[in-house]
Amino acid sequence: MKIAIMEKVSIFWFRRDLRLEDNRGLYHAYTQEKNVLPLFIFDREILDDLEDKTDARVTFIHQQIQRLSQELAAFGSSILVKYGKPLEVYQELMEKYDILNVYTNRDYEPYGISRDLEVKNLLDTKGIQFLDFKDQVIFEKEEIVNGSGDFYKVFTPYSRVWLDKFQKATIQLVSLNPSNNTFFQTDAISIPSLEDMGFQASSIQIPPLEINQALIQKYDQVRNFPAINGTTRLGIHLRFGTISVRKLALEASKLNATYLNELIWREFYMMILYHNPQVVDKAFKPAYDEIPWRNSEEDFQKWCDGKTGFPIVDAGMRELNATGYMHNRVRMIVASFLTKHLLIDWRWGEAYFAKKLLDFELSSNNGGWQWAAGTGTDAQPYFRVFNPDSQTEKFDKELKYIKKWVPEYGTSAYPKPMVDHKFARERAISTYKEALNS
Ligand SMILES: Cc1cc2nc3c(=O)[nH]c(=O)nc-3n(C[C@H](O)[C@H](O)[C@H](O)COP(=O)(O)OP(=O)(O)OC[C@H]3O[C@@H](n4cnc5c(N)ncnc54)[C@H](O)[C@@H]3O)c2cc1C
(Lines give C-alpha, C1' and ligand atoms only; values in the text may rest on other atoms or scores of the structure.)
Protein backbone atom coordinates (compact mmCIF):
# COMPACT_ATOMS: atom_id res chain seq x y z
CA MET A 1 0.00 0.00 0.00
CA LYS A 2 1.30 3.42 -0.91
CA ILE A 3 1.02 6.05 1.79
CA ALA A 4 0.64 9.57 0.44
CA ILE A 5 3.01 11.98 2.13
CA MET A 6 1.27 15.21 2.94
CA GLU A 7 3.05 18.41 2.01
CA LYS A 8 4.16 20.42 5.04
CA VAL A 9 3.01 24.01 4.56
CA SER A 10 2.07 27.17 6.42
CA ILE A 11 -0.85 29.03 4.97
CA PHE A 12 -1.18 32.73 4.33
CA TRP A 13 -4.89 33.44 4.01
CA PHE A 14 -5.61 36.52 1.85
CA ARG A 15 -8.92 38.30 2.50
CA ARG A 16 -9.15 42.09 2.15
CA ASP A 17 -5.41 42.55 1.63
CA LEU A 18 -4.93 41.56 -1.99
CA ARG A 19 -1.33 42.64 -2.46
CA LEU A 20 2.19 41.33 -1.88
CA GLU A 21 3.61 44.76 -1.10
CA ASP A 22 3.51 45.90 2.54
CA ASN A 23 1.17 43.11 3.56
CA ARG A 24 1.90 42.62 7.26
CA GLY A 25 0.53 39.11 7.80
CA LEU A 26 2.13 37.86 4.60
CA TYR A 27 5.44 39.43 5.55
CA HIS A 28 5.41 37.62 8.90
CA ALA A 29 4.57 34.29 7.25
CA TYR A 30 7.25 34.79 4.60
CA THR A 31 9.99 35.71 7.05
CA GLN A 32 9.10 33.11 9.67
CA GLU A 33 8.04 30.02 7.75
CA LYS A 34 9.62 27.75 5.16
CA ASN A 35 6.77 26.75 2.86
CA VAL A 36 4.16 29.47 2.60
CA LEU A 37 1.08 28.48 0.64
CA PRO A 38 -1.08 31.50 -0.28
CA LEU A 39 -4.82 30.87 -0.03
CA PHE A 40 -7.92 32.79 -1.03
CA ILE A 41 -11.47 31.63 -0.34
CA PHE A 42 -14.40 32.92 -2.39
CA ASP A 43 -16.63 32.78 0.66
CA ARG A 44 -20.09 31.41 -0.03
CA GLU A 45 -21.34 32.93 3.22
CA ILE A 46 -20.84 36.30 1.49
CA LEU A 47 -21.33 35.45 -2.20
CA ASP A 48 -24.62 33.59 -1.72
CA ASP A 49 -26.20 36.79 -0.40
CA LEU A 50 -25.30 38.88 -3.44
CA GLU A 51 -28.39 39.27 -5.60
CA ASP A 52 -26.61 40.71 -8.62
CA LYS A 53 -24.74 37.92 -10.34
CA THR A 54 -22.71 40.47 -12.29
CA ASP A 55 -21.57 42.17 -9.08
CA ALA A 56 -18.58 44.33 -10.01
CA ARG A 57 -16.83 43.68 -6.71
CA VAL A 58 -16.70 39.96 -7.39
CA THR A 59 -15.26 40.61 -10.84
CA PHE A 60 -12.71 42.94 -9.28
CA ILE A 61 -11.63 40.40 -6.66
CA HIS A 62 -11.37 37.73 -9.34
CA GLN A 63 -9.09 39.93 -11.43
CA GLN A 64 -6.94 40.77 -8.44
CA ILE A 65 -6.54 37.08 -7.58
CA GLN A 66 -5.34 36.44 -11.13
CA ARG A 67 -2.84 39.26 -10.75
CA LEU A 68 -1.61 37.82 -7.45
CA SER A 69 -1.27 34.42 -9.09
CA GLN A 70 0.96 35.97 -11.77
CA GLU A 71 3.03 37.85 -9.22
CA LEU A 72 3.49 34.67 -7.20
CA ALA A 73 4.62 32.79 -10.32
CA ALA A 74 7.73 34.99 -10.23
CA PHE A 75 8.46 33.31 -6.86
CA GLY A 76 7.84 29.86 -8.34
CA SER A 77 4.59 29.72 -6.42
CA SER A 78 0.88 30.22 -6.92
CA ILE A 79 -2.31 30.85 -4.98
CA LEU A 80 -4.74 28.17 -3.93
CA VAL A 81 -8.22 29.50 -4.62
CA LYS A 82 -11.24 27.80 -3.08
CA TYR A 83 -14.96 28.45 -3.45
CA GLY A 84 -16.89 27.44 -0.35
CA LYS A 85 -17.49 28.13 3.32
CA PRO A 86 -14.25 28.86 5.21
CA LEU A 87 -14.75 26.21 7.88
CA GLU A 88 -15.41 23.51 5.29
CA VAL A 89 -12.46 24.65 3.20
CA TYR A 90 -10.16 24.39 6.20
CA GLN A 91 -11.53 20.93 7.04
CA GLU A 92 -10.64 19.86 3.51
CA LEU A 93 -7.19 21.47 3.62
CA MET A 94 -6.38 19.82 6.92
CA GLU A 95 -6.93 16.45 5.28
CA LYS A 96 -4.77 17.31 2.32
CA TYR A 97 -1.83 19.21 3.83
CA ASP A 98 0.28 18.94 6.92
CA ILE A 99 -0.39 22.51 8.07
CA LEU A 100 2.03 24.07 10.48
CA ASN A 101 0.57 27.54 11.01
CA VAL A 102 -2.06 29.78 9.43
CA TYR A 103 -1.27 33.47 9.02
CA THR A 104 -3.74 36.21 8.14
CA ASN A 105 -4.61 39.86 8.68
CA ARG A 106 -7.19 40.88 11.26
CA ASP A 107 -10.74 41.81 10.53
CA TYR A 108 -12.90 44.05 12.70
CA GLU A 109 -16.41 43.39 11.38
CA PRO A 110 -18.75 41.09 13.32
CA TYR A 111 -18.87 38.47 10.56
CA GLY A 112 -15.09 38.43 10.10
CA ILE A 113 -14.51 38.13 13.84
CA SER A 114 -16.86 35.16 14.25
CA ARG A 115 -15.55 33.46 11.07
CA ASP A 116 -11.98 33.74 12.33
CA LEU A 117 -12.91 32.42 15.76
CA GLU A 118 -14.55 29.35 14.21
CA VAL A 119 -11.53 28.68 12.01
CA LYS A 120 -9.15 29.22 14.90
CA ASN A 121 -11.10 26.75 17.04
CA LEU A 122 -11.00 24.17 14.28
CA LEU A 123 -7.24 24.63 13.77
CA ASP A 124 -6.73 24.36 17.54
CA THR A 125 -8.06 20.78 17.44
CA LYS A 126 -4.95 19.83 15.45
CA GLY A 127 -2.58 22.13 17.30
CA ILE A 128 -2.29 24.48 14.29
CA GLN A 129 -1.71 28.09 15.26
CA PHE A 130 -3.88 30.87 13.86
CA LEU A 131 -1.73 34.00 13.76
CA ASP A 132 -3.38 37.28 12.85
CA PHE A 133 -1.85 40.71 12.31
CA LYS A 134 -2.86 44.34 12.08
CA ASP A 135 -2.82 45.41 8.45
CA GLN A 136 -5.90 47.26 7.23
CA VAL A 137 -5.61 50.13 9.70
CA ILE A 138 -2.83 52.21 11.21
CA PHE A 139 -4.28 51.95 14.73
CA GLU A 140 -6.70 49.35 15.99
CA LYS A 141 -8.77 48.29 18.95
CA GLU A 142 -7.46 49.80 22.19
CA GLU A 143 -4.59 51.73 20.59
CA ILE A 144 -6.67 54.89 20.52
CA VAL A 145 -8.59 55.27 23.77
CA ASN A 146 -9.26 58.10 26.20
CA GLY A 147 -7.68 58.61 29.63
CA SER A 148 -10.05 56.08 31.21
CA GLY A 149 -9.27 53.46 28.60
CA ASP A 150 -12.64 53.80 26.77
CA PHE A 151 -13.05 54.04 23.03
CA TYR A 152 -13.88 57.49 21.67
CA LYS A 153 -17.49 58.15 20.69
CA VAL A 154 -16.68 61.49 19.09
CA PHE A 155 -14.41 61.97 16.09
CA THR A 156 -12.49 65.15 16.98
CA PRO A 157 -10.74 63.93 20.17
CA TYR A 158 -10.18 60.53 18.51
CA SER A 159 -8.50 62.17 15.53
CA ARG A 160 -6.32 64.34 17.75
CA VAL A 161 -4.95 61.32 19.60
CA TRP A 162 -4.65 59.33 16.35
CA LEU A 163 -2.64 62.10 14.70
CA ASP A 164 -0.38 62.59 17.67
CA LYS A 165 0.38 58.86 17.78
CA PHE A 166 0.88 58.74 14.01
CA GLN A 167 3.36 61.62 14.09
CA LYS A 168 5.37 59.93 16.83
CA ALA A 169 5.33 56.49 15.22
CA THR A 170 7.96 55.25 12.82
CA ILE A 171 5.99 53.58 10.10
CA GLN A 172 8.01 51.46 7.75
CA LEU A 173 6.70 49.65 4.73
CA VAL A 174 7.69 46.01 4.39
CA SER A 175 8.47 44.00 1.26
CA LEU A 176 9.28 40.39 0.43
CA ASN A 177 12.94 39.72 -0.29
CA PRO A 178 13.02 37.46 -3.39
CA SER A 179 16.40 36.03 -2.49
CA ASN A 180 14.95 34.48 0.67
CA ASN A 181 12.03 32.93 -1.14
CA THR A 182 9.93 30.88 1.28
CA PHE A 183 6.82 30.44 -0.84
CA PHE A 184 5.62 26.89 -1.43
CA GLN A 185 6.98 25.90 -4.84
CA THR A 186 4.33 24.77 -7.28
CA ASP A 187 3.10 25.19 -10.84
CA ALA A 188 0.18 27.55 -11.33
CA ILE A 189 -2.92 26.29 -9.54
CA SER A 190 -6.10 26.78 -11.51
CA ILE A 191 -8.56 29.41 -10.32
CA PRO A 192 -12.33 28.77 -10.41
CA SER A 193 -13.95 30.95 -13.05
CA LEU A 194 -16.65 33.49 -12.22
CA GLU A 195 -19.11 31.20 -14.00
CA ASP A 196 -18.05 28.26 -11.80
CA MET A 197 -19.28 30.33 -8.88
CA GLY A 198 -22.52 31.42 -10.54
CA PHE A 199 -21.28 34.91 -11.48
CA GLN A 200 -20.52 36.76 -14.68
CA ALA A 201 -18.08 39.52 -15.47
CA SER A 202 -19.30 43.04 -14.82
CA SER A 203 -18.75 45.85 -17.31
CA ILE A 204 -18.44 48.51 -14.60
CA GLN A 205 -15.10 50.32 -14.74
CA ILE A 206 -12.94 50.18 -11.62
CA PRO A 207 -11.09 53.41 -10.75
CA PRO A 208 -7.35 52.97 -11.34
CA LEU A 209 -4.96 52.21 -8.53
CA GLU A 210 -2.90 55.38 -8.49
CA ILE A 211 -1.91 57.83 -5.82
CA ASN A 212 -2.53 61.10 -7.60
CA GLN A 213 -0.27 63.43 -5.65
CA ALA A 214 -1.35 66.58 -7.47
CA LEU A 215 -4.97 65.86 -6.61
CA ILE A 216 -4.27 65.03 -2.98
CA GLN A 217 -2.28 68.23 -2.65
CA LYS A 218 -5.36 70.36 -3.43
CA TYR A 219 -7.89 67.90 -1.96
CA ASP A 220 -9.24 70.32 0.65
CA GLN A 221 -10.19 72.83 -2.05
CA VAL A 222 -11.76 70.48 -4.56
CA ARG A 223 -13.22 67.57 -2.65
CA ASN A 224 -16.73 68.97 -2.23
CA PHE A 225 -17.61 69.52 -5.88
CA PRO A 226 -19.11 66.45 -7.51
CA ALA A 227 -18.70 67.75 -11.07
CA ILE A 228 -14.92 67.64 -10.84
CA ASN A 229 -12.52 64.78 -10.22
CA GLY A 230 -11.62 66.12 -6.81
CA THR A 231 -11.40 62.91 -4.80
CA THR A 232 -9.06 59.96 -5.23
CA ARG A 233 -11.59 57.12 -5.76
CA LEU A 234 -9.30 54.80 -3.89
CA GLY A 235 -12.20 53.48 -1.80
CA ILE A 236 -12.39 50.09 -3.50
CA HIS A 237 -8.61 49.68 -3.28
CA LEU A 238 -8.68 50.41 0.44
CA ARG A 239 -11.63 48.06 0.81
CA PHE A 240 -9.89 45.09 -0.76
CA GLY A 241 -6.38 46.05 0.24
CA THR A 242 -4.97 46.47 -3.25
CA ILE A 243 -3.31 49.51 -1.70
CA SER A 244 -1.55 49.66 1.66
CA VAL A 245 -3.18 52.15 4.01
CA ARG A 246 0.25 52.83 5.53
CA LYS A 247 1.65 53.81 2.16
CA LEU A 248 -1.31 56.09 1.47
CA ALA A 249 -1.27 57.67 4.93
CA LEU A 250 2.47 58.38 4.71
CA GLU A 251 1.94 60.10 1.35
CA ALA A 252 -1.09 61.98 2.66
CA SER A 253 0.80 63.24 5.70
CA LYS A 254 3.25 64.98 3.37
CA LEU A 255 0.61 66.32 1.00
CA ASN A 256 -2.66 67.28 2.62
CA ALA A 257 -3.98 67.25 6.19
CA THR A 258 -7.63 67.13 5.09
CA TYR A 259 -7.01 64.00 3.08
CA LEU A 260 -5.24 62.34 5.99
CA ASN A 261 -8.22 63.31 8.13
CA GLU A 262 -10.51 61.29 5.84
CA LEU A 263 -8.34 58.23 6.38
CA ILE A 264 -8.78 58.84 10.10
CA TRP A 265 -12.57 58.90 9.62
CA ARG A 266 -12.26 55.50 7.97
CA GLU A 267 -10.50 54.07 11.01
CA PHE A 268 -12.79 55.88 13.44
CA TYR A 269 -15.85 54.17 11.94
CA MET A 270 -14.05 50.81 11.80
CA MET A 271 -13.33 51.04 15.48
CA ILE A 272 -16.84 52.30 16.32
CA LEU A 273 -18.15 49.14 14.67
CA TYR A 274 -15.55 46.98 16.38
CA HIS A 275 -16.44 48.33 19.84
CA ASN A 276 -20.19 48.58 19.12
CA PRO A 277 -21.22 45.70 16.84
CA GLN A 278 -24.86 46.43 17.69
CA VAL A 279 -24.78 49.45 15.33
CA VAL A 280 -25.17 47.02 12.43
CA ASP A 281 -28.91 47.11 13.03
CA LYS A 282 -29.43 49.57 15.85
CA ALA A 283 -29.02 53.33 16.23
CA PHE A 284 -25.74 54.29 17.89
CA LYS A 285 -27.87 56.56 20.10
CA PRO A 286 -30.59 54.14 21.29
CA ALA A 287 -33.28 56.82 21.74
CA TYR A 288 -33.36 57.23 17.96
CA ASP A 289 -34.66 53.70 17.52
CA GLU A 290 -38.04 55.15 18.57
CA ILE A 291 -38.49 57.16 15.37
CA PRO A 292 -41.67 56.00 13.60
CA TRP A 293 -40.35 55.82 10.02
CA ARG A 294 -42.96 56.21 7.28
CA ASN A 295 -41.22 53.62 5.11
CA SER A 296 -43.24 54.11 1.93
CA GLU A 297 -42.08 51.50 -0.58
CA GLU A 298 -43.25 53.68 -3.45
CA ASP A 299 -41.20 56.65 -2.24
CA PHE A 300 -38.20 54.40 -1.67
CA GLN A 301 -38.38 53.15 -5.25
CA LYS A 302 -38.40 56.71 -6.62
CA TRP A 303 -35.32 57.46 -4.55
CA CYS A 304 -33.52 54.30 -5.75
CA ASP A 305 -34.36 55.06 -9.38
CA GLY A 306 -33.29 58.72 -9.19
CA LYS A 307 -36.82 60.00 -9.89
CA THR A 308 -37.55 62.15 -6.86
CA GLY A 309 -37.80 65.43 -8.77
CA PHE A 310 -34.86 66.82 -6.71
CA PRO A 311 -32.12 66.96 -9.33
CA ILE A 312 -29.09 66.72 -7.04
CA VAL A 313 -30.61 63.66 -5.34
CA ASP A 314 -31.52 62.08 -8.67
CA ALA A 315 -28.08 62.78 -10.14
CA GLY A 316 -26.44 61.03 -7.19
CA MET A 317 -28.66 57.97 -7.36
CA ARG A 318 -28.19 57.65 -11.09
CA GLU A 319 -24.44 57.98 -10.76
CA LEU A 320 -24.51 55.22 -8.15
CA ASN A 321 -26.72 52.94 -10.25
CA ALA A 322 -24.57 53.40 -13.36
CA THR A 323 -21.07 53.36 -11.90
CA GLY A 324 -21.10 51.92 -8.36
CA TYR A 325 -19.75 55.26 -7.15
CA MET A 326 -21.29 58.38 -5.65
CA HIS A 327 -19.47 61.50 -4.57
CA ASN A 328 -19.26 61.96 -0.79
CA ARG A 329 -21.08 65.31 -0.77
CA VAL A 330 -23.92 63.76 -2.73
CA ARG A 331 -23.98 60.65 -0.50
CA MET A 332 -24.69 63.04 2.39
CA ILE A 333 -27.45 64.81 0.45
CA VAL A 334 -29.26 61.66 -0.75
CA ALA A 335 -29.00 60.05 2.69
CA SER A 336 -30.39 63.13 4.38
CA PHE A 337 -33.18 63.27 1.80
CA LEU A 338 -34.19 59.64 2.33
CA THR A 339 -34.19 59.77 6.11
CA LYS A 340 -35.46 63.31 6.70
CA HIS A 341 -37.53 64.33 3.67
CA LEU A 342 -39.05 60.89 3.13
CA LEU A 343 -38.77 59.59 6.70
CA ILE A 344 -37.50 56.25 5.46
CA ASP A 345 -35.44 54.13 7.83
CA TRP A 346 -31.68 54.71 7.37
CA ARG A 347 -31.23 50.91 7.27
CA TRP A 348 -33.09 50.79 3.93
CA GLY A 349 -30.73 53.30 2.38
CA GLU A 350 -27.73 51.65 3.95
CA ALA A 351 -28.73 48.29 2.48
CA TYR A 352 -29.20 49.81 -0.97
CA PHE A 353 -25.75 51.42 -0.85
CA ALA A 354 -24.28 48.11 0.35
CA LYS A 355 -25.59 46.43 -2.80
CA LYS A 356 -24.34 49.11 -5.17
CA LEU A 357 -21.17 50.77 -3.87
CA LEU A 358 -17.87 49.48 -5.22
CA ASP A 359 -16.24 50.84 -2.09
CA PHE A 360 -18.88 49.40 0.23
CA GLU A 361 -17.44 49.15 3.69
CA LEU A 362 -19.81 48.13 6.48
CA SER A 363 -18.30 50.50 9.01
CA SER A 364 -18.15 53.68 6.88
CA ASN A 365 -21.49 53.00 5.28
CA ASN A 366 -23.17 52.45 8.61
CA GLY A 367 -21.37 55.48 10.07
CA GLY A 368 -22.29 57.68 7.09
CA TRP A 369 -25.94 56.67 7.19
CA GLN A 370 -26.26 57.08 10.93
CA TRP A 371 -24.58 60.47 10.67
CA ALA A 372 -27.07 61.62 8.05
CA ALA A 373 -30.07 60.24 9.93
CA GLY A 374 -28.86 61.92 13.11
CA THR A 375 -28.71 58.61 14.96
CA GLY A 376 -24.96 58.11 15.05
CA THR A 377 -21.73 59.43 16.52
CA ASP A 378 -21.06 63.12 15.83
CA ALA A 379 -24.37 63.11 14.03
CA GLN A 380 -25.83 65.94 12.07
CA PRO A 381 -28.42 67.27 14.61
CA TYR A 382 -31.89 66.09 13.67
CA PHE A 383 -33.21 69.62 13.34
CA ARG A 384 -30.68 70.37 10.61
CA VAL A 385 -32.16 69.13 7.36
CA PHE A 386 -30.12 69.52 4.18
CA ASN A 387 -31.88 71.70 1.64
CA PRO A 388 -31.16 70.07 -1.74
CA ASP A 389 -31.45 73.42 -3.55
CA SER A 390 -29.00 75.26 -1.34
CA GLN A 391 -26.60 72.28 -1.51
CA THR A 392 -26.82 72.54 -5.30
CA GLU A 393 -26.21 76.27 -5.16
CA LYS A 394 -23.08 75.72 -3.07
CA PHE A 395 -21.60 72.64 -4.66
CA ASP A 396 -22.97 72.37 -8.21
CA LYS A 397 -23.74 75.98 -8.99
CA GLU A 398 -23.37 75.56 -12.75
CA LEU A 399 -25.42 72.34 -12.68
CA LYS A 400 -22.65 70.44 -14.44
CA TYR A 401 -23.03 67.34 -12.29
CA ILE A 402 -26.82 67.46 -12.49
CA LYS A 403 -26.84 67.84 -16.27
CA LYS A 404 -24.44 64.96 -16.67
CA TRP A 405 -26.67 62.52 -14.82
CA VAL A 406 -30.12 64.03 -15.34
CA PRO A 407 -30.09 65.13 -18.97
CA GLU A 408 -33.86 65.70 -19.03
CA TYR A 409 -33.64 68.17 -16.14
CA GLY A 410 -35.45 71.37 -17.10
CA THR A 411 -37.72 69.65 -19.63
CA SER A 412 -41.27 68.38 -19.18
CA ALA A 413 -39.92 64.83 -19.03
CA TYR A 414 -38.41 65.50 -15.60
CA PRO A 415 -40.70 64.67 -12.65
CA LYS A 416 -42.04 67.34 -10.30
CA PRO A 417 -40.57 67.27 -6.75
CA MET A 418 -42.17 64.32 -4.95
CA VAL A 419 -42.52 66.32 -1.75
CA ASP A 420 -42.48 69.98 -0.74
CA HIS A 421 -39.17 70.83 0.94
CA LYS A 422 -40.62 73.09 3.64
CA PHE A 423 -43.38 70.64 4.51
CA ALA A 424 -40.96 67.67 4.60
CA ARG A 425 -38.49 69.54 6.75
CA GLU A 426 -41.11 70.46 9.34
CA ARG A 427 -42.54 66.93 9.28
CA ALA A 428 -39.08 65.45 9.91
CA ILE A 429 -38.31 67.80 12.78
CA SER A 430 -41.63 67.25 14.53
CA THR A 431 -41.47 63.45 14.04
CA TYR A 432 -37.96 63.26 15.49
CA LYS A 433 -38.83 65.64 18.31
CA GLU A 434 -41.88 63.68 19.35
CA ALA A 435 -40.03 60.34 19.23
CA LEU A 436 -37.13 61.65 21.27
CA ASN A 437 -39.39 63.25 23.88
CA SER A 438 -41.62 60.21 24.27
C1 LIG B 1 -24.29 57.81 3.52
C2 LIG B 1 -22.81 57.53 3.31
C3 LIG B 1 -22.38 56.24 3.02
C4 LIG B 1 -21.01 55.97 2.84
N5 LIG B 1 -20.62 54.69 2.56
C6 LIG B 1 -19.29 54.40 2.45
C7 LIG B 1 -18.85 53.07 2.21
O8 LIG B 1 -19.64 52.12 2.10
N9 LIG B 1 -17.50 52.85 2.06
C10 LIG B 1 -16.60 53.88 2.17
O11 LIG B 1 -15.39 53.63 2.03
N12 LIG B 1 -16.99 55.13 2.43
C13 LIG B 1 -18.30 55.43 2.56
N14 LIG B 1 -18.69 56.72 2.80
C15 LIG B 1 -17.66 57.77 2.99
C16 LIG B 1 -17.22 58.51 1.72
O17 LIG B 1 -18.35 58.99 1.03
C18 LIG B 1 -16.40 57.63 0.77
O19 LIG B 1 -15.33 57.05 1.48
C20 LIG B 1 -15.82 58.43 -0.37
O21 LIG B 1 -16.82 59.12 -1.07
C22 LIG B 1 -15.11 57.47 -1.33
O23 LIG B 1 -14.62 58.17 -2.43
P24 LIG B 1 -13.05 58.37 -2.66
O25 LIG B 1 -12.38 57.04 -2.58
O26 LIG B 1 -12.89 59.20 -3.87
O27 LIG B 1 -12.68 59.16 -1.35
P28 LIG B 1 -11.61 60.30 -1.03
O29 LIG B 1 -12.37 61.54 -0.75
O30 LIG B 1 -10.55 60.36 -2.03
O31 LIG B 1 -11.04 59.80 0.37
C32 LIG B 1 -10.01 58.79 0.46
C33 LIG B 1 -10.46 57.68 1.35
O34 LIG B 1 -10.71 58.15 2.67
C35 LIG B 1 -11.78 57.41 3.25
N36 LIG B 1 -12.90 58.31 3.52
C37 LIG B 1 -13.18 59.47 2.88
N38 LIG B 1 -14.28 60.05 3.43
C39 LIG B 1 -14.69 59.23 4.41
C40 LIG B 1 -15.77 59.28 5.34
N41 LIG B 1 -16.62 60.29 5.38
N42 LIG B 1 -15.91 58.24 6.18
C43 LIG B 1 -15.05 57.20 6.19
N44 LIG B 1 -14.00 57.10 5.33
C45 LIG B 1 -13.83 58.11 4.47
C46 LIG B 1 -12.19 56.38 2.23
O47 LIG B 1 -11.52 55.19 2.49
C48 LIG B 1 -11.76 57.02 0.93
O49 LIG B 1 -11.56 56.11 -0.11
C50 LIG B 1 -20.06 57.01 2.96
C51 LIG B 1 -20.52 58.31 3.24
C52 LIG B 1 -21.88 58.57 3.42
C53 LIG B 1 -22.32 59.98 3.72
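Conventions we followed
- Residues numbered from 1 in each chain as written.
- Predicted model: local features only at pLDDT ≥ 70, side-chain atom pairs only at ≥ 80, totals over all residues.
- Heavy atoms only, no water.
- Near = heavy atom within 4 Å.
- Polar contact = N/O pair within 3.5 Å; in protein donor to acceptor, adjacent residues only side chain to side chain.
- Areas by Shrake-Rupley, 256 points an atom, 1.4 Å probe, with all protein chains shown as cover.
- Helix = DSSP H or I, 4+ residues; strand = E, 2+ residues; numbered from the N terminus.
- Nonpolar A, V, L, I, M, F, W, Y, C, P; charged D, E, K, R; others polar.
- Core = buried A, V, L, I, M, F, W, Y, C linked by side-chain atoms within 4.5 Å.
- Buried < 20%, exposed > 50% of the residue type's maximum accessible area, 1.4 Å probe, protein only.
- Contact = heavy atoms within 4.5 Å.
- Salt bridge = Lys/Arg side-chain N within 4 Å of Asp/Glu carboxyl O.
- UniProt positions renumbered as here; feature names shortened; annotations may be inferred.
- Pairing = 2+ DSSP bridges.
- Axes fitted to C-alpha atoms, helices over the stretch in contact; angles between N-to-C directions.

> Any chance you could explain the site of the ligand here in plain terms?
The ligand sits among 27 residues. The nearest are Tyr219, Thr231, Thr232, Arg233 and Asn328. Here an oxygen atom of the ligand sits 2.7 Å away from a polar atom, N or O, in the side chain of threonine 231. Take asparagine 365: an N or O atom from its side chain is 3.1 Å from a nitrogen atom of the ligand. About the coverage of the ligand: the protein hides 95% of its 810 Å² of free accessible area. For the shell around the ligand, the element with the most residues is helix α11 (residues 257-275), which contributes 6 residues. Partitioning the shell around the ligand into residue classes produces 14 nonpolar, 7 polar and 6 charged.

> What's the story with the nonpolar core in this structure? I'm lost.
One recurring pattern in soluble globular proteins: nonpolar side chains tend to sit buried together. Counting residues in hydrophobic clusters, the biggest one holds 81 residues, and the most contacted among them are Trp162 and Trp303. The element best represented in this core is α11, accounting for 10 residues. Excluding residues that lie within four positions of it along the chain, tryptophan 303 makes contacts with Thr308, Val313, Met317, Val334, Phe337, Leu338, Leu342, Gly349, Tyr352, Phe353 and Trp369. In terms of nonpolar packing, the next biggest core, distinct from the first, is built from 32 residues, Tyr30, Ile79, Tyr103 and Phe133 among them.

> What is the right way to look at the pattern of salt bridges in this model?
Pairing between side chains becomes possible if they bear opposite charge and their charged atoms approach one another. If you walk through the whole model with that rule in mind, you get 30 salt bridges. Between lysine 400 and glutamate 398 there is a salt bridge, with its nearest N and O atoms 3.4 Å apart. Given a relative accessible area of 53%, lysine 400 falls into the exposed group. In this structure glutamate 398 comes out as exposed when scored by relative accessible area, which is 59%. What you see here is one network of salt bridges that share partners, running through Arg19, Asp22, Arg24, Asp135 and Arg246.

> What is the right way to read the UniProt feature "site: Electron transfer via tryptophanyl radical" (unreviewed entry) in the chain from this model?
Using the residue numbers shown here, the UniProt feature "site: Electron transfer via tryptophanyl radical" (unreviewed entry) corresponds to Trp293, Trp346 and Trp369. Along the polypeptide, tryptophan 293 turns up in the loop between α11 and α12 (297-305). Its relative accessible area of 13% is what places tryptophan 293 among the buried residues. Apart from the residues within four sequence positions on either side, tryptophan 293 is in contact with Thr339, Leu343, Ile344, Asp345, Trp346, Arg347 and Tyr432.

> So what exactly am I meant to see when it comes to the sheet that holds strand β2 (residues 36-43) here?
Pairing between the strands of a sheet is mediated by backbone hydrogen bonds and can be parallel or antiparallel. In spatial order, the strands read β3-β2-β1-β4-β5; together these 5 strands make up an open sheet with parallel pairing. The open sheet is flanked by β3 (80-84) and β5 (129-133), the only strands paired with a single partner. If you compare each strand with its neighbour and ignore which way they point, the axes differ by 30° on average. As paired elements, β2 and β3 share 5 bridges and run parallel to each other. What sits directly across from aspartate 43, in β3, is glycine 84. This element, helix α1 (residues 24-32), spans β1 (7-14), β2, β4 (97-105) and β5 of the sheet and lies at about 145° to β4. Running at roughly 150° to β5, helix α5 (residues 110-124) makes contact with β1, β2, β4 and β5 of the sheet.

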